[in-house]
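Residues per chain are reported as follows:
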Amino acid sequence: MRVLVAGDRGYIGALMVPFLRRAGHDVDGLDVGLYEGCDFRGGPRPVARRPRDTRDVGPVELSGYDAVVCLAALSNDPLGHLNAETTYAVNLRGTVRLAEAAKAAGVERFLFASSCSLYGAAGSDAVAEDAPMHPVTPYGETKALAEAELSALADDAFSPTYLRNATAYGASPRLRLDIVVNNLTGVAVTTGEVRLESDGTPWRPLVHIEDISRAFLAVLEAPRDLVHDEAFNVGRPEDNVQVKDIADMVRDTVTGSVVTLADGAGPDKRDYRVDFAKLHDTFPDLGMRWTVRAGVEELAEAYAGHGLTYDEFQSARFVRLRRIQQLLSLGLLDDELRRTTDEPFPSPATTLATEAAR
Ligand SMILES: NC(=O)c1ccc[n+]([C@@H]2O[C@H](COP(=O)([O-])OP(=O)(O)OC[C@H]3O[C@@H](n4cnc5c(N)ncnc54)[C@H](O)[C@@H]3O)[C@@H](O)[C@H]2O)c1
């Protein structure tokens, strides 16, 4: 299939694109390039193309594709809080514009990277796809609203599918350290502490980024009637885990590390479990294979191989909110988070040196 991945230069896209190519698909990308230069171990394969914003795309750019995968987003809660209006503009209106353009260009499939965070305050039962949505953040709200608007576009010629990913983990050429497994492992490797910011009791559904890619591939290749206008929670049932269990896995993996509680650590409102049965019943041969423990081991080895330091761990290279704030302060993004230049953004290292010199 000819596939266009929007948001291909981010954490998941940098791994998903080569994954889809290895499966035999012809894959292009489209990205505004917020994380240019934020590379881990060499970064993704370089591309020579202009940055493109989903808020500006039209049908001409989408013609000739069989499927569009939409990963492009301001993609976590802290970023969503930075500017709620812009989060709506990118995550909701940008997504719908991309889908409308795809539909107008005759693209038949649209795979939307949604999130389990749209369930929000879900109570103690594991939530399945038909559970009510109670998002508690602008980020979660935009995912719920985008699904509804995409569903309104579904017809005989256009099939959107909503992949509600659990919280991701795993090593990527565009690494993120603002997500729980990657974060706890990173602090342990760089400081010897597995530092819990909550009391460790909250439940978190988790999924490795390679297994996310596996789910997207399965949906891409599935007969249309299995996935047309359908939502799937993306993860493995056994990877609903408590934060304290992740901490123990990190402690067991990173030699000499100890589990500590941050000052004032208490219960956390984000506490929910997700039912992943529909995905595995629909795709019995899906073969998701990553356990959280294997992911912690992969990360610890990758961090050590890279020589990750605590300063770098906390820097704009790997923490999305910091990178966006840095680009805003340099005037390279305006207050709607639109690029003010098509010139490549400086890498975080260069940027830090420039800031230090002022
Ligand atoms: N990482 C997770 O834990 C997780 C969990 C659930 C869902 N998701 C969803 O999966 C998708 C990918 O997540 P990620 O972790 O790779 O995010 P990311 O922030 O690492 O990457 C997002 C990419 O989208 C690009 N982008 C942002 N705004 C754009 C715009 N207006 N036009 C074009 N490109 C734009 C960015 O430059 C970046 O390369 C997102 O939609 C996210 O909401 C992620």
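Residues numbered from 1 in each chain as written. Predicted model: local features only at pLDDT ≥ 70, side-chain atom pairs only at ≥ 80, totals over all residues. Heavy atoms only, no water.

K.L.:
Looking at this structure, how should I read the nonpolar core?
P.N.:
Where a protein is soluble and globular, its nonpolar side chains tend to be buried together. Judged by nonpolar contacts, the single largest core of 45 residues is most densely connected at Val 5, Met 16, Val 69, Leu 71, Ile 212, Phe 216 and Phe 283. No other element matches helix 7 (residues 209-221), which puts 8 residues into this core. Sequence-distant contacts of Val 5, defined by excluding residues within four places in its chain, comprise Val 17, Leu 20, Val 27, Asp 28, Gly 29, Leu 30, Val 69 and Leu 71. Of all hydrophobic cores here, the second largest spans 30 residues; its members include Val 241, Ile 246, Val 296 and Ala 302. (Core = buried A, V, L, I, M, F, W, Y, C linked by side-chain atoms within 4.5 Å. Buried < 20%, exposed > 50% of the residue type's maximum accessible area, 1.4 Å probe, protein only. Helix = DSSP H or I, 4+ residues; strand = E, 2+ residues; numbered from the N terminus. Contact = heavy atoms within 4.5 Å.)

K.L.:
Which parts of the structure should I look at to understand the sheet that holds strand 4 (residues 109-115)?
P.N.:
The sheet built from 6 strands is open, its strands ordered 2-1-3-4-5-9 with parallel pairing. The open sheet is flanked by strand 2 (26-30) and strand 9 (230-234), the only strands paired with a single partner. Direction aside, neighbouring strands of the sheet carry axes that sit 20° apart on average. As judged from the 5 bridges shared by strand 5 (residues 159-165) and strand 9, these two strands associate in the parallel manner. Among the inter-strand pairings, Leu 163 is bridged to a residue of strand 9, identified as Phe 232. Across the face of the sheet, helix 1 (residues 13-22) comes into contact with strand 1 (2-6), strand 2 and strand 3 (67-70) while running at roughly 160° to strand 2. Seen against the sheet, helix 5 (residues 138-153) touches strand 4, strand 5 and strand 9 and runs at an angle of roughly 155° to strand 4. (Pairing = 2+ DSSP bridges. Axes fitted to C-alpha atoms, helices over the stretch in contact; angles between N-to-C directions.)

K.L.:
Looking at this structure, how should I read the site of the ligand?
P.N.:
Looking at the ligand, there are 29 residues lining it, with Ile 12, Asp 31, Ser 75, Tyr 139 and Arg 176 nearest. At 3.5 Å from an oxygen atom of the ligand is found a main-chain nitrogen or oxygen belonging to Arg 9. Within the backbone of Thr 54, an N or O atom sits 2.9 Å from a nitrogen atom of the ligand. Here the ligand has 830 Å² of accessible area as a free molecule, and 98% of this is covered by the chains. It is strand 4 that provides the largest number of residues to the shell around the ligand, a total of 3 residues. In terms of residue class, the shell around the ligand is made up of 13 nonpolar, 9 polar and 7 charged. (Near = heavy atom within 4 Å. Polar contact = N/O pair within 3.5 Å; in protein donor to acceptor, adjacent residues only side chain to side chain. Areas by Shrake-Rupley, 256 points an atom, 1.4 Å probe, with all protein chains shown as cover. Nonpolar A, V, L, I, M, F, W, Y, C, P; charged D, E, K, R; others polar.)

K.L.:
Mind showing me how you'd approach the pattern of salt bridges here?
P.N.:
Oppositely charged side chains can pair when the atoms bearing their charge come close. Across all of its chains, the model carries 24 salt bridges by this definition. The partner of Glu 61 in a salt bridge is Arg 52, and the shortest N-O contact between them spans 2.6 Å. Between Glu 193 and Arg 195 there is a salt bridge, with the nearest N and O atoms lying 3.6 Å from each other. Owing to a relative accessible area of 22%, Arg 195 belongs among the partly exposed residues under this scheme. Via salt bridges that share partners, Asp 248, Arg 251, Asp 252 and Arg 293 belong to a single interconnected network. (Salt bridge = Lys/Arg side-chain N within 4 Å of Asp/Glu carboxyl O.)

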